[in-house]
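# Structural overview for review
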Amino acid sequence: MNQHAKPRNVAAGAAKSWAGETVPALSYPAPDRLHWSSLSIGELLTSLAGSSTIWKVVPPSNPPLLAKLYNDKMRQRLKSETAPAEQLLLLARYRSQLSKELPFAAWPLSLLFSGSATITEDNFTERLAGFTMVNLQTTSSLAQLVSVPRVRHRLKSPDTLHIARTLLGQIELLHAHPWRFVFGDLSASNVRVSNNFKQVFFIDTDSFQFTCPEAGHRSYTAAGTTPSFRSPGIRTQKQTTQLTEAHDTFVATILLFQLIMADVGVPNLHPFISSDSNPDDLIDRYAFPYEQPDRYPVSRYALDKYRALPVPIRKAFRQTFTTKNPVPLGQWRTLLGQHWRSLPRPSA
């Protein structure tokens, strides 16, 4: 089968209103084998800003699944742009391989379709409605982990160190993969941590940037970024512009700052939030408030905790957040191992 060909002439029918509906699903047991089935959509769980809604898949399976279904705006985009559908198709087609090589990422499982017409190569993108993914039930988002007391209450400092080093190491593995993945939308909401704090998972993988060797080294850009979780200049660049690994490095350092400051007793702290300033404006200017508090005011308590961090840790934050030469992720992992025990402990 042609590596780039879409499946032809497969009968499928589905309704557009999702709850309680049965929809056609396409999976790839191997890159050159496709398998059609159907599944039922359960209750709506959440609406994602921008493009999608998340639904339960019923009846429960092992592992449990979720369906990410596109909204009207995204489906209109699919009709006029081929790249997003090709991007999703490649991730689903090579899911088995990617899951073995990068098992910490929640890759798309099956492609889902709408409409009553036969699905052909010509109407594939028009009928494409979304995909299934594993429901990571026994996890919390990193955003919750750095901010919500009921999620943090069992978290010990060694756990935080493990999470931080695992997160950085997995991003390095994405970058080193033959597909040259860039996470892109590396927000605290798109990283999940197991409830025993041993594993770190990446979601929103359908928006990853990559270059696929199996598709003639064609490149696909990241779908977007989250406000305040961006590297300098990203919010003003065109969506078709390729991100660099340095983008992930910068944003990963934002997450690292949040983890470290939560560990020393200042949860829910973003490094570029200051008074009335827009964090994206500060990011674009390399204006790190904790190194310029007179100009960009921050909480005195948070500033004192930051200034009590080991000097090499503060120096690394300063280099990443105020220059165009971010500290590499591997160097960060070494610094954490060397200086974690010297972090100021929160007051009892």
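From a predicted model like this one, the values you see are computed outputs, not experimental measurements.

### A closer look at the overall build of the chain
Within the chain, the secondary structure is distributed over 12 helices and 11 strands. A compact globule built from 348 residues would reach a C-alpha radius of gyration of about 20 Å, and the chain, at 21 Å, matches this within 12%. On the principal axes, the C-alpha backbone points of the chain span a range of 65 × 40 × 35 Å. Sorting the 348 residues of the chain into buried and exposed places 53% on the buried side. With the model as given, the accessible surface of the chain reaches about 15,600 Å², and the carbon-plus-sulfur share is 49%.

### Brief notes about the confidence of the model for the chain
In this model, the chain carries an average pLDDT of 90, and 92% of its residues clear a pLDDT of 70 or more. The low-confidence segment residues 1-16, where pLDDT is below 50, has 56 contacts with residues more than four positions distant or belonging to other chains.

### Remarks on the packing of helix H11 (residues 311-322) against helix H12 (residues 329-339)
Closest axis-to-axis distance for the H11/H12 pair is 10 Å, and the angle between their directions is 155°. Judged by the inter-axis angle, H11 sits roughly antiparallel to H12. Between H11 and H12 the crossing geometry is left-handed. Touching Pro312, Ile313, Ala316, Phe317 and Thr320 of H11 are Trp332, Leu335, Leu336 and His339, all from H12.

### Some words on the packing of aromatic side chains
Enumeration according to the criterion identifies 27 aromatic pairs in this entry. Arranged with centres 5.4 Å apart and planes meeting at 45°, the rings of tryptophan 36 and phenylalanine 113 form a pair that is tilted. With a gap of 77 residues between them, tryptophan 36 in strand E2 (residues 33-48) and phenylalanine 113 in strand E5 (residues 111-113) connect regions that are remote in the sequence. Among the residues examined, phenylalanine 113 registers a relative accessible area of 0% and is labelled buried. Taken together through their ring pairs, the aromatic side chains of Tyr94, Phe104, Trp107, Trp179, Phe181, Phe183, Phe202, Phe208, Phe210 and Tyr220 make up a single cluster.

### Section: the nonpolar core
Counting residues in hydrophobic clusters, the biggest one holds 72 residues, and the most contacted among them are Leu142, Phe181, Phe202, Phe317, Trp332 and Leu336. Of the residues forming this core, the biggest block, 11 residues, is contributed by helix H8 (residues 245-263). If we ignore the near neighbours within four places in the chain, the residues touching phenylalanine 202 are Phe104, Ala105, Ala106, Leu167, Gln170, Ile171, Leu174, Phe183, Asn190, Val191 and Phe208. Judged by nonpolar contacts, the second largest core, of 18 residues, contains Ile54, Leu78, Phe113 and Phe124.

### What to know about the side chain of lysine 68
Along the polypeptide, lysine 68 turns up in strand E4 (residues 65-70). Overall, lysine 68 belongs to the buried group, its relative accessible area being 5%. Reaching out from lysine 68, the side chain makes a polar contact with the side chain of aspartate 206 at a distance of 3.2 Å.

### Examining the pattern of salt bridges
Enumeration over the complete set of coordinates arrives at 11 salt bridges. In this structure, aspartate 206 engages lysine 68 in a salt bridge whose closest nitrogen and oxygen atoms are separated by 3.2 Å. Pair noted here: aspartate 206 is in the loop between strand E9 (200-202) and strand E10 (210-212) and lysine 68 is in strand E4, with a separation of 138 residues, a long-range link. Relative accessible area serves as the criterion here: at 14%, aspartate 206 is assigned to the buried category.

### Examining the pairing of strand E3 (residues 52-58)
Burial analysis of E3 places five of its seven residues in the buried class, the great majority of the element. Here E3 pairs with E4 via five bridges, running antiparallel. Residue pairing for E4: isoleucine 54 is matched across the bridge by lysine 68. The turn joining E3 and E4, which pair antiparallel and follow one another in sequence, is formed by six residues.

### A word on helix H1 (residues 72-80)
The complete set of buried residues in H1 reads Met74, Arg75 and Leu78. Projection of H1 onto a plane perpendicular to its axis shows the buried side chains occupying an angular sector of 100°, all on one side. The exposed residues of H1 that point more than 90 degrees off its buried face are Lys73 and Ser80. Buried residues belonging to H1 abut E4, helix H2 (83-93), helix H4 (124-127) and strand E6 (128-134).

### Quick look at the environment of glycine 224
With respect to the helices and strands, glycine 224 occurs in the loop between strand E11 (218-220) and H8. On the basis of relative accessibility, which here comes to 30%, the residue glycine 224 falls in the partly exposed class. For glycine 224 and aspartate 185, which are 39 residues apart along the polypeptide, the C-alpha to C-alpha distance reads 6.1 Å. When sequence neighbours within four positions are dropped, the list of residues in contact with glycine 224 reads Gly184 and Asp185.

### Quick notes on H12
What H12 keeps buried is the set Leu329, Trp332, Leu335, Leu336 and His339. For H12, the buried positions fall inside an angular range of 110° around the axis, keeping them on one side. In this structure, the buried residues of H12 make contact with helix H7 (157-176), H8 and H11.

### A word on unusual backbone geometry
The amide bond that connects valine 58 to the next residue, proline 59, takes the cis arrangement and shows omega of -5°. Residue placement: proline 59 occurs in the loop between E3 and E4. Residue proline 63 is reached from asparagine 62 by a cis peptide bond, and omega for that bond is 0°. Note on placement: proline 63 falls in the loop between E3 and E4. Of note, the phi angle at arginine 180 is positive, near 55°, even though the residue is not glycine. Inspection of the secondary structure puts arginine 180 in the loop between H7 and strand E8 (191-194). In this model, histidine 217 sits at a positive phi of 60°, which is unusual for a non-glycine residue. Using a relative accessible area of 54% as the deciding quantity, one classes histidine 217 as exposed.

Each value, and the rule that gives it
- Residues numbered from 1 in each chain as written.
- Predicted model: local features only at pLDDT ≥ 70, side-chain atom pairs only at ≥ 80, totals over all residues.
- Heavy atoms only, no water.
- Helix = DSSP H or I, 4+ residues; strand = E, 2+ residues; numbered from the N terminus.
- Rg over C-alpha atoms; globule rule 2.2 N^0.38 Å.
- Buried < 20%, exposed > 50% of the residue type's maximum accessible area, 1.4 Å probe, protein only.
- Areas by Shrake-Rupley, 256 points an atom, 1.4 Å probe, with all protein chains shown as cover.
- pLDDT = per-residue confidence, 0-100.
- Contact = heavy atoms within 4.5 Å.
- Axes fitted to C-alpha atoms, helices over the stretch in contact; angles between N-to-C directions.
- Parallel < 35°, antiparallel > 145°, perpendicular 65-115°, else oblique.
- Left-handed = near helix turned anticlockwise from the far one by under 90°.
- Phe/Tyr/Trp six-rings, centres within 6.5 Å; stacked < 30°, edge-to-face > 60°.
- Core = buried A, V, L, I, M, F, W, Y, C linked by side-chain atoms within 4.5 Å.
- Polar contact = N/O pair within 3.5 Å; in protein donor to acceptor, adjacent residues only side chain to side chain.
- Salt bridge = Lys/Arg side-chain N within 4 Å of Asp/Glu carboxyl O.
- Pairing = 2+ DSSP bridges.
- Arc of directions from axis to C-beta.

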